[in-house]
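Understanding the architecture of this molecule
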Amino acid sequence: MSQAEADAARAVGPSKPWWREPWPWIIMAGPAAAIVGCIITIVLAVQNFSDQAIEDGGVKRGLVVTKQAPVEAPTAPPNPEP
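Read on for a plain summary of the structure.

**Considering the pairing of strand 1 (residues 58–61)**
Put simply, side chains in a regular strand alternate between the two faces of the sheet. As paired strands, strand 1 and strand 2 (residues 64–67) are joined by four bridges and run antiparallel to one another. The residue of strand 2 that forms the bridge with K60 is V65. Linking strand 1 back to strand 2 in an antiparallel pair, the connection comprises two residues, with G62 at a positive phi of about 70 degrees.

**Remarks on a nonpolar patch on the surface**
A grouping of W18, W19, W25 and M28 is seen on the molecular surface, where their side chains present a nonpolar patch of about 500 Å² in accessible area. Within the secondary structure, W19 sits in the loop between helix 1 (3–12) and helix 2 (22–49). Relative accessible area serves as the criterion here: at 49%, W19 is assigned to the partly exposed category.

Criteria and thresholds
Residues numbered from 1 in each chain as written. Predicted model: local features only at pLDDT ≥ 70, side-chain atom pairs only at ≥ 80, totals over all residues. Heavy atoms only, no water. Pairing = 2+ DSSP bridges. Helix = DSSP H or I, 4+ residues; strand = E, 2+ residues; numbered from the N terminus. Patch = residues over 30% accessible without salt bridge, like charges linked within 9 Å, V, L, I, M, F, W, Y side chains within 5 Å. Areas by Shrake-Rupley, 256 points an atom, 1.4 Å probe, with all protein chains shown as cover. Salt bridge = Lys/Arg side-chain N within 4 Å of Asp/Glu carboxyl O. Buried < 20%, exposed > 50% of the residue type's maximum accessible area, 1.4 Å probe, protein only.

Quick look at the structure:
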């Protein structure tokens, strides 16, 4: 090691382990908050809306929800004019 490298190493000081630096934690905070928010959203959706009935004419078969066409009442044939 040259004298310049030794002087530079002394000027910087000893390096800390990565978990003692603030930047990795700041960078990981965003994705961690998104994961926690996603878990909270899933739990609330399952607790509050899992047994909600389908009220708009749809039929649920397994995971597939289909909407049936409305059935029209049969009409009487037109009366012929005498």
